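Listed below, chain by chain, are the residues.
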Amino acid sequence: MIAKYWKKIGLVILIFCCLFNIVSKIVKRTTLVEQLTQTAQYMLNQEKK
């Protein structure tokens, strides 16, 4: 039975994984201000060393 529907099952799993990836990226994204602040702090720390 699985052999008959393996393409559909694979497609459903692929779509689910893509949606999960997109949602996790939206939830965990950082703002531009946070990225710039982190970059500035990193550069300052590198200059001190």
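Report follows, based on the coordinates. (Residues numbered from 1 in each chain as written. Predicted model: local features only at pLDDT ≥ 70, side-chain atom pairs only at ≥ 80, totals over all residues. Heavy atoms only, no water.)

Concerning the state of the cysteines
Here is step 1: Across all of its chains, the model carries zero disulfides by this definition.
Here is step 2: Counting only cysteine sulfurs, Cys18 is the nearest neighbor of Cys17, a cysteine outside any disulfide, at a range of 7.0 Å.
Here is step 3: Overall, the relative accessible area of 43% leaves Cys17 in the partly exposed class. (Disulfide = S-S within 2.5 Å. Buried < 20%, exposed > 50% of the residue type's maximum accessible area, 1.4 Å probe, protein only.)

Overview of the environment of Asn21
Here is step 1: Considering the arrangement of structural elements, one finds Asn21 in helix H1 (residues 2-28).
Here is step 2: Of the residues examined, Asn21 reaches a relative accessible area of 36% and is grouped as partly exposed.
Here is step 3: Remark: the alpha-carbon pair of Asn21 and Tyr42, spanning 21 residues in sequence, is separated by 28 Å. (Helix = DSSP H or I, 4+ residues; strand = E, 2+ residues; numbered from the N terminus.)

Section: a nonpolar patch on the surface
Here is step 1: Taken together, the side chains of Met1, Ile2, Tyr5, Trp6, Ile9 and Ile13 define a hydrophobic patch exposed on the protein surface, amounting to about 720 Å² of accessible area.
Here is step 2: Within the element layout of this structure, Trp6 appears in helix H1. (Patch = residues over 30% accessible without salt bridge, like charges linked within 9 Å, V, L, I, M, F, W, Y side chains within 5 Å. Areas by Shrake-Rupley, 256 points an atom, 1.4 Å probe, with all protein chains shown as cover. Salt bridge = Lys/Arg side-chain N within 4 Å of Asp/Glu carboxyl O.)

Regarding H1
Here is step 1: Taking 1.5 Å per residue as the helical rise, H1 with its 27 residues ought to reach 39 Å, and the 36 Å between its terminal C-alpha atoms agrees with that figure.
Here is step 2: Of all the bends found along H1, the most pronounced is centred on Lys8 and spans about 35°.
Here is step 3: Within H1, only zero of the 27 residues are buried, leaving the element largely exposed. (Expected span 1.5 Å × (residues − 1). Bend = angle between axes of the 7 residues up to and from the residue.)

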